[in-house]
Amino acid sequence: MVNASVRIIGVLLTLVTVLTGAPARAAEPEVRSAPTFDGTVTAIAYLAGTVYVGGSFTRASWDGRTYRRLRLAAFDARTGALLNWAPAADGPVRALAATGDDVFAAGGFHTVDGHRRDSLARISAVTAEVAGFSHDLDGTAYALAAGNGRLYLGGSFSAVDGREHRNLAAFDLATGLLDDGWAARTDDRVHTLAANGAEVYLGGAFHRVNGEKHTLRLAAVDAVTGDLDRYFRPRVTAEVNALTVDPSGIYTAGGGQGGRAVAYGFDGTVRWQRVFDGDAVAITRRHGVTYVGGHFDRACLTPRNGPQGSCLDGSLPRVKLAAITGEGTLTGWAPQANGVIGVRVLNADRTADALDAGGDFTTIDGSDRRRFARFSG
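Residues numbered from 1 in each chain as written. Predicted model: local features only at pLDDT ≥ 70, side-chain atom pairs only at ≥ 80, totals over all residues. Heavy atoms only, no water.

When you go through the chain residue by residue, the secondary structure sums to 1 helix and 33 strands. Radius of gyration (C-alpha) of the chain: 21 Å, near the 21 Å computed for a compact globule of 377 residues. Counting only C-alpha atoms and orienting by the principal axes, one finds that the chain spans roughly 75 × 55 × 35 Å. Across the 377 residues of the chain, 53% fall into the buried class. Contacts spanning at least 24 positions in sequence make up 42% of the contacts within the chain whose residues lie at least 6 apart. Carbon and sulfur atoms make up 49% of the accessible area of the chain, which amounts to about 15800 Å² in all. For the chain, the centre of its 39 positive side-chain charges and the centre of its 39 negative side-chain charges are spaced 5 Å apart. (Helix = DSSP H or I, 4+ residues; strand = E, 2+ residues; numbered from the N terminus. Rg over C-alpha atoms; globule rule 2.2 N^0.38 Å. Buried < 20%, exposed > 50% of the residue type's maximum accessible area, 1.4 Å probe, protein only. Contact = heavy atoms within 4.5 Å. Areas by Shrake-Rupley, 256 points an atom, 1.4 Å probe, with all protein chains shown as cover. Lys, Arg positive; Asp, Glu negative; His and termini not counted. Charge placed at Lys NZ, Arg CZ, Asp CG, Glu CD.)

Turning to its location among the elements, Arg-150 is positioned in strand β14 (residues 150-160). A polar atom in the side chain of Arg-150 sits 2.8 Å from the side chain of Asp-179. (Polar contact = N/O pair within 3.5 Å; in protein donor to acceptor, adjacent residues only side chain to side chain.)

Within a sheet, each strand pairs with its neighbour through backbone hydrogen bonds, oriented either parallel or antiparallel. With antiparallel pairing, the 3 strands of this open sheet are ordered in space as β24-β25-β28. With partners counted over all chains shown, the strands left at the sheet margins are β24 (280-286) and β28 (321-324), one partner each. Taken pair by pair, the neighbouring strands of this sheet meet at an average axis angle of 20 degrees, ignoring direction. The pairing of β24 with strand β25 (residues 289-294) spans 6 bridges and is antiparallel. (Pairing = 2+ DSSP bridges. Axes fitted to C-alpha atoms, helices over the stretch in contact; angles between N-to-C directions.)

For the rest of this paragraph, the subject is the nonpolar core. As a rule of thumb, soluble globular proteins bury nonpolar side chains together. In terms of nonpolar packing, the biggest core is built from 19 residues, with Tyr-52, Leu-72, Trp-85 and Leu-96 touching the most fellow members. A per-element tally of this core places strand β3 (residues 41-47) first, with 3 residues. Leave out the neighbours within four places in its chain, and Leu-96 touches Ala-43, Ile-44, Ala-45, Tyr-52, Val-53, Gly-54, Leu-72, Val-103, Phe-104, Ala-105 and Leu-144. (Core = buried A, V, L, I, M, F, W, Y, C linked by side-chain atoms within 4.5 Å.)

What follows concerns the state of the cysteines. Enumeration according to the criterion identifies 1 disulfide in this entry. Covalent S-S linkage joins Cys-300 and Cys-311, the inter-sulfur distance amounting to 2.0 Å. For the disulfide bridge between Cys-300 and Cys-311, the dihedral angle about the S-S bond is near -75 degrees, and by the sign convention the bridge is left-handed. You can see Cys-300 sitting in strand β26 (residues 298-300) and its partner Cys-311 sitting in the loop between β26 and β27 (315-317), a full 11 residues away along the chain. (Disulfide = S-S within 2.5 Å.)

Across the sheet, 3 strands lie side by side as β3-β4-β7; this open sheet has antiparallel pairing. A single partner strand is all that each edge strand has here, and the edge strands are β3 and β7 (72-76). This sheet shows a mean twist of 25 degrees between the axes of neighbouring strands, independent of strand direction. With 6 bridges joining them, β3 and strand β4 (residues 50-55) adopt antiparallel strand pairing. By the bridge assignment, Leu-47 is partnered in β4 with Thr-50.

Right, let's talk about the packing of aromatic side chains for a bit. Between two aromatic rings, the relevant description is the distance of the centres plus the angle of the planes. Under the defined criterion, the tally for this structure stands at 12 aromatic pairs. Seen in terms of ring centroids, Tyr-201 and Phe-232 are 5.4 Å apart; in terms of plane orientation they differ by 90 degrees. Their pairing is edge-to-face. Of this pair, Tyr-201 sits in strand β18 (residues 199-204) while Phe-232 is found in the loop between β19 (218-222) and β20 (240-246), placing the two residues 31 residues apart along the sequence. One aromatic cluster is present, formed by Phe-37, Phe-57, Phe-75 and Phe-372 through successive ring pairs. Of note, Arg-122 hangs over the ring of Phe-133, and the distance from its end group to the ring centre comes to 6.0 Å. (Phe/Tyr/Trp six-rings, centres within 6.5 Å; stacked < 30°, edge-to-face > 60°. Lys NZ or Arg CZ within 6 Å of the ring centre and 35° of its normal.)

Residues of the chain with pLDDT of at least 70 account for 93%, and the chain-wide mean is 92. Under a pLDDT of 50 for its full length, residues 1-26 has, in the predicted model, 20 contacts with residues more than four places off or in other chains. (pLDDT = per-residue confidence, 0-100.)

Positioned with a positive phi, Asp-353 is a non-glycine residue whose angle comes to about 55 degrees. Tracing the chain through its elements places Asp-353 in the loop between β29 (343-349) and β30 (354-359). The exposure class of Asp-353 is partly exposed, given its relative accessible area of 33%. Look at Arg-371: it is not a glycine, yet its phi comes out positive at around 65 degrees. Taking relative accessible area as the criterion, Arg-371 reaches 19% and is therefore assigned buried.

Along any regular strand, the residues point their side chains to alternate faces of the sheet. Most of β3 sits out of view: 6 of its 7 residues are buried. The hairpin turn running from β3 into β4, its antiparallel successor, is 2 residues long, and Ala-48 in that turn takes a positive phi close to 50 degrees.

Checked against the element boundaries, Ala-261 lands in strand β22 (residues 259-264). Residues Ala-261 and Ala-242 lie 19 residues apart in sequence; the distance between their C-alpha atoms is 9.6 Å. With sequence-adjacent residues up to four places away left out, Ala-261 is seen in contact with Thr-252, Trp-272, Gln-273, Arg-274, Phe-276, Ile-283, Val-292 and Ile-324.

What follows is the structure, encoded as C-alpha cells:
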C-alpha cells in the first residue's frame, strides 16, 4: 500500500508539472487585507514597516470607511490599516523611493501640500512635511531609485534646474543638490531604474546611452560617474517598461508583439524568457520567484507569438498576473485581475514578506481589490 500511495502521489505531481510547467508548490501567495483606491496606483515603496503608495487616486478606503488621499497614501505593513500620512499632490505620482527618513515622489504634479514642487518632492516619512528639496524639470519624470548616497531620476526631459540633463539625473541625498558629476544621458525616455551596488540599471525606449551604440533599451552605468558599463551588453527586442535586480541577475518586463519577461545575466546574456499575449508592464522578485504584471490574459507555452501577441504554440490562462520559477517555468499561481490595463506596478515587501500589486484593476479573483492588492504566504 505504501508503494501504491507513493506512485499515486508521483502521478499527481507529474500532472501538475505538465499542466502548469512547474513543480507543485506547497503554498502560493494569497490576498490579504490592505486599503483600496478610487484611481490608478502606479508606485509602491517601503520604509520601517510602512507601505507608501502613489498614483492618480483621490480617495482611499479601509475597514468600511473612505478617506481623502490626494495621490499619496500610506498604510501599516503588518495590519493593512490606513495611516494618517497624507500629503496632497496636485497631479499624478508615477514613482516613489523611500530612504533614510524620507519618501521621494516623482510625477506630473506641480505642488505638494501647497509647496511648489515641479515633478519631484521630498517628504518626511513620519510627519508628511514637505522638505526643502526643490528642482525645476524641463519634461516628464517616470522613475526613481536611491543608492550610493544619491537619488536617481529617469524620464523624458532635457534639463534640470536649467542645466542640460537628458532623461537622467542624480541628486546628492545629503545636500539635496543636483549632481552634475553624474553624467549619464540617453537619446530617448527612461521608464525604469534600479540601483544595485556600484551600478544603476536603466530601461526604456532609448537607442543610445552616453552616445554609445549597442545600448538599445537596457543598459548599466556607474553609480558615481554615470559612465557606461561596457561589460553588460544585452540584446533587447522591445521597449523595457520595468526592471528589477537581485544577486541572480537582471529581470525586465517589456512590450512589443505581445509582452515578454526576460532574465539576464550580469554580462547581458539571456537566461530565460516568457512570452505573453499582451504587454508585460511590472516585474519584481520574491523568494527566487519572478512575478510579472501587465495587460496580458495568457502566457504562451513557447516564445513564438503572432499578430496582437497571440500565442502560436498553445497557452495557459494568466490574467494580468503570473509567476515564474528561477528556471523560467510558469508556477501554478494564477490570480485573475480584471480590466483592460490591469497591473501597472509590482513590488516585494521583504520586511513583511508580502507581494504588492497596483494598477487599474478593481477585482482579484472576483473579490473587491480596487487598484491595489497585497499577497502573502
